[in-house]
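Residue-level structural notes
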Number of protein chains: 2
Amino acid sequence: MAKIVECIPNFSEGRNQAVIDGLVETAKSVPGVTLLDHSSDASHNRSVFTLVGDDQNIQEVAFRLVKYASENIDLTKHQGEHPRMGATDVLPFVPIKDITSEECVEIAKTVSERINRELGIPIFLYEDAATRPERKNLAKVRKGQFEGMPEKLLEADWAPDYGERKIHPTAGVTAVGARMPLVAYNINLDTDDLEIANNIAKIIRGSSGGYKYCKAIGVMLEDRNIAQVSINMVNLEKFPLYRVFETVRFEAKRYGVGILGSEVIGLAPAKALIDAAEYYLQIEDFDYGKQVLENHLLG
Amino acid sequence: MAKIVECIPNFSEGRNQAVIDGLVETAKSVPGVTLLDHSSDASHNRSVFTLVGDDQNIQEVAFRLVKYASENIDLTKHQGEHPRMGATDVLPFVPIKDITSEECVEIAKTVSERINRELGIPIFLYEDAATRPERKNLAKVRKGQFEGMPEKLLEADWAPDYGERKIHPTAGVTAVGARMPLVAYNINLDTDDLEIANNIAKIIRGSSGGYKYCKAIGVMLEDRNIAQVSINMVNLEKFPLYRVFETVRFEAKRYGVGILGSEVIGLAPAKALIDAAEYYLQIEDFDYGKQVLENHLLG
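Residues numbered from 1 in each chain as written. Chains lettered and ligands numbered in written order. Predicted model: local features only at pLDDT ≥ 70, side-chain atom pairs only at ≥ 80, totals over all residues. Heavy atoms only, no water.

By the naming in an unreviewed UniProt entry, chain A goes by glutamate formimidoyltransferase and is assigned to Streptococcus sinensis. UniProt lists a comment for chain A under the heading Subcellular location (unreviewed entry), and it reads "Cytoplasm". (UniProt positions renumbered as here; feature names shortened; annotations may be inferred.)

A word on the pairing of strand S1 (residues 4-7) of chain B
All names here are of chain B. The side-chain alternation of S1 yields two buried faces, one formed by Ile-4 and Glu-6 and the other by Val-5 and Cys-7. Judged from the 4 bridges that link them, S1 and strand S4 (residues 46-54) form a sheet pairing that is antiparallel. Bridged to Cys-7 within S4 is Leu-51. Where S1 lies against strand S5 (residues 88-97), 4 bridges are found, and the strand directions are antiparallel. For Cys-7, the partnering residue across the bridge sits in S5 and is Phe-93. (Buried < 20%, exposed > 50% of the residue type's maximum accessible area, 1.4 Å probe, protein only. Helix = DSSP H or I, 4+ residues; strand = E, 2+ residues; numbered from the N terminus. Pairing = 2+ DSSP bridges.)

Some remarks on the domain arrangement of chain A
Bring the parts together and some accessible area is lost; that lost area is often taken as the interface size. As assigned here, chain A comprises domain 1 (4-178) and domain 2 (183-296). Just the C-alpha atoms count here: the centres of domain 1 of chain A and domain 2 of chain A sit 29 Å apart. (Domains from an automatic or database assignment.)

Considerations on the UniProt feature "domain: Formiminotransferase C-terminal subdomain" (unreviewed entry) in chain A
Under the local residue numbering, the UniProt record ascribes the feature "domain: Formiminotransferase C-terminal subdomain" (unreviewed entry) to residues 181-296 of chain A. From the first C-alpha to the last, residues 181-296 of chain A spans 21 Å; its make-up is 34% helix and 26% strand.

With respect to the relation of the copies chain B and chain A
For the pair chain B and chain A, the best superposition has an RMSD of 0.2 Å and corresponds to a rotation of 179 degrees with a translation of 0.0 Å parallel to the axis. Seen this way, the second copy is the image of the first under a two-fold rotation axis. Taking C-alpha positions as reference, the residue of chain B nearest the rotation axis is Ala-277 of chain B, located at 2.4 Å. Interface overlap between copies is the fraction of interface residues in one copy that are interface residues in the other; for chain B against chain A it reaches 100%, indicating a shared surface. (Least-squares fit on C-alpha atoms with pLDDT ≥ 70 in both. Contact = heavy atoms within 4.5 Å.)

Some thoughts on the interface of chain B and chain A
Each partner contributes residues to the interface: chain B has 44 residues there, and chain A has 44 residues. Among the residues chain B hides against chain A, the three largest losses belong to Leu-281, Glu-284 and Leu-293 of chain B. Together they make up 19% of the total. At the boundary of chain B with chain A, the tally comes to 2 salt bridges. Note that Glu-284 of chain A and Arg-224 of chain B form a salt bridge whose closest N and O atoms lie 3.0 Å from each other. Of all the secondary-structure elements, those providing two or more residues to the side of chain B that touches chain A are S1, strand S3 (33-41), strand S8 (183-189), helix H7 (241-253), strand S11 (259-265), helix H8 (270-280) and helix H9 (288-291) of chain B. Per-element accounting of the side of chain B that touches chain A gives the leading share, 7 residues, to S11 of chain B. Here the residues of the side of chain B that touches chain A sort into 29 nonpolar, 8 polar and 7 charged. (Buried area = accessible area lost by both parts, 1.4 Å probe. Salt bridge = Lys/Arg side-chain N within 4 Å of Asp/Glu carboxyl O. Nonpolar A, V, L, I, M, F, W, Y, C, P; charged D, E, K, R; others polar.)

What follows is the structure in structure tokens.
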């Protein structure tokens, strides 16, 4: 079985179509890697690519993309709403199949070493690849952004994990990491009261005392005039979909509010959904690897 | 994307290990086809193989298996508890991915034509491939078994779909068909009263007025001292898992009996389980083909 890894590089370019096209072409240049999706946002001036492939080829395509970005994106001229510090701003690797989180950390380190050696871009390792607790959180790593990085790299605690204490003049600094698959999941409430969604989001999210692997905010869906709890599921093994759904359901009940429905945004691993089927159908002793037919077809 | 087809040939040999080994070897002889599972039952004197592969190679391996069986299994000497009429008794093709039921009917016909032309075995098409309503049901097609087939083939309504009105002297007659994926699914009740399981089975199964695509019986799990509703899900698109689970739940409630759990026996297609997640999580507008990550990795 091939070890399957997902890679989701974020580039600081969301406006120049020629550069975006070049990134797409580069993303498709390595056999064994599929470009699942890419989207560009002009106001953020940022593009997010989703690639998936075996553990070797994914490293090659990641390097080629960082190289292309370093040659074609100039951070000294970059403006956009989204915080950023590098031409390739973040480069996370995610275990998908027959590979552990630890192996993805090794991939992150191998790619980081090569990026720094061949392109001269300093690297911070983040999330599961972080070398110190305060570097786990991407927002902390990126604080100061491109403009503040020259100074930040000179601070005692902020020597990069790879490279010297100075930025690449135009490509800045890149954060390379490993993390669990993340699913964007929204639950729509049968109410137009945003405060209810906000209250529930606060209850369930880890940062305010809820579930550790849950990020959540309340948002208003103006076109449907309903409030939504918008969630990032950051560890589907330790915090599955059914748990957040049932928790939101019983918290909403306090207000006499029901659930209209939920939304999976973008891609989700089959296992995240099948775990929910196992729970609700009370399936005993289910062996995901052996009993799901498609698992015998891959690689 | 490769078109993926499952094939589940049943052979009238469950005792002679040399012949079973030969079938296994033949099953593995075509690249692009995986032997997912095979099991042999001595009292039935029968073996069931499960293969999966692309739409072309699956036809080749199916033919090779029928040929091997015709050369190594002699029905004139066969005894066993399970009804049978041929060395390869039944040969169903099941659509798994990016292929329709109609295309599997075409595969069944193409393979049947070749089997008859090269091996001289007469063929009945059954289930979705049947050419007349009374041939849909395998039990009706096989009635009379190997010993009764010479006479049956001469009856007005029972000319084979391929071949002359006479059996292959040792390999008999084979039924070739196409059908939807089938899942064996059991629901365990919190009672030791078999009659409750029998009553619920009768309510839900199509043959006694329940759901058309449901087969069910009550059985006693002696080791756990609980009654079980044992179900065959014969069309998961039209009769999904959540529907039988919820129906058994509300029917059991009449007796004050709860559900202890359920069991998926053997393999199930990912979509059958993800459909249940969609129902229970009330997911809006979910696109199975596009939103399940693994669907972008296959073929």
